[in-house]
Amino acid sequence: YYDARSPSDMETLLATHVFSPELEARAARLRAAIRASAVTKYGQDAGRMIDLPQGRRTVLAVGQVEDDLSVEYGGAGVAGNLDLLERVRAAQPDAWIVYRPHPDVQAGLRKGHLSDAVVLAHADGIDTGSPLMALVQAVDEVHVLSSLTGFEALMRD
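Report follows, based on the coordinates. Here the structure is a predicted model, which means the values were calculated and not measured.

## What to know about helix H8 (residues 148-155)
- For H8, the complete set of buried residues consists of Thr149, Gly150, Glu152, Ala153 and Met155.
- Taken together, the buried residues of H8 touch helix H2 (21-37), strand S1 (58-62), helix H7 (132-138) and strand S4 (141-143).
- Following H8 by one or two positions, aspartate 157 adopts a phi angle in the positive range, close to 65°.

The structure is reproduced here in structure tokens:
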């Protein structure tokens, strides 16, 4: 899990180390190779892509397991999935927001369930079956608490 209450080794390294142009170029090639090969934690999802509106800014909000330590210690004060959705709507009042619940929460195995009515009070759609990386690449913006999906979105611009 990620604990944001103090700097991580990675944050310290990035803030204090000077990287050579050669190493930066090597990192860029690795990132390009990862993107080109479609490597992802989430695997090659099957499923039907959700219909996103054309000509409108689209935002993906990714739900998480609320009692996961990464949410408690890495969520920067965001108090769970509802708080995330409320903040996304406040930040993007005119966007078309799609909420993606965590699969374990959706299956009733973990904490963090939001009813459809609660979600749709803040979002315009709910996605439970799109290939996740295809969805990430199809939207204009991705919001997470501390999910690896956020890192994967950054890897894909």
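And the narrative resumes.
## Observations regarding the sheet that holds strand S3 (residues 125-126)
- Taken in spatial order, the four strands line up as S3-S2-S1-S4 in an open sheet, and their pairing is parallel. Each of the sheet's edge strands pairs with one partner strand only, and the pair in question is S3 and S4.
- Strand direction decides the pairing type here: S1 and S4, joined by three bridges, are parallel. For alanine 61, the partnering residue across the bridge sits in S4 and is histidine 143.
- The strands that helix H4 (residues 81-91) touches are S1, strand S2 (96-100) and S4; relative to S2, the one it contacts most, it runs at about 165°.

## Examining the environment of tyrosine 2
- With respect to the element layout, tyrosine 2 can be found in the segment before helix H1 (9-16).
- Separated by 133 residues in the primary sequence, tyrosine 2 and leucine 135 have C-alpha atoms spaced 24 Å apart.
- Residues contacting tyrosine 2, with those up to four places away along its chain left out, are Ser8, Glu11, Leu69, Ser70, Tyr73 and Gly74.

## Looking at the nonpolar core
- Core analysis: the biggest nonpolar cluster contains 14 residues, and Ala61, Leu85, Val88, Ile97, Tyr99, Val119 and Ala123 have the highest contact counts within it.
- Those elements that place two or more of their residues in this core are S1, H4 and S2.
- By residue number, the principal contributor to this core is H4, which donates three residues.
- When sequence neighbours within four positions are dropped, the list of residues in contact with isoleucine 97 reads Val59, Ala61, Leu85, Val88, Arg89, Gln92, His122, Ala123, Asp124 and Gly125.

## Re unusual backbone geometry
- One non-glycine residue, alanine 38, adopts positive backbone phi at about 65°.
- With respect to the element layout, alanine 38 can be found in the loop between H2 and S1.
- What makes alanine 38 partly exposed here is its relative accessible area of 32%.

About the cut-offs
- Residues numbered from 1 in each chain as written.
- Predicted model: local features only at pLDDT ≥ 70, side-chain atom pairs only at ≥ 80, totals over all residues.
- Heavy atoms only, no water.
- Buried < 20%, exposed > 50% of the residue type's maximum accessible area, 1.4 Å probe, protein only.
- Helix = DSSP H or I, 4+ residues; strand = E, 2+ residues; numbered from the N terminus.
- Contact = heavy atoms within 4.5 Å.
- Pairing = 2+ DSSP bridges.
- Axes fitted to C-alpha atoms, helices over the stretch in contact; angles between N-to-C directions.
- Core = buried A, V, L, I, M, F, W, Y, C linked by side-chain atoms within 4.5 Å.

By themselves, these figures tell us nothing about what the structure is for.
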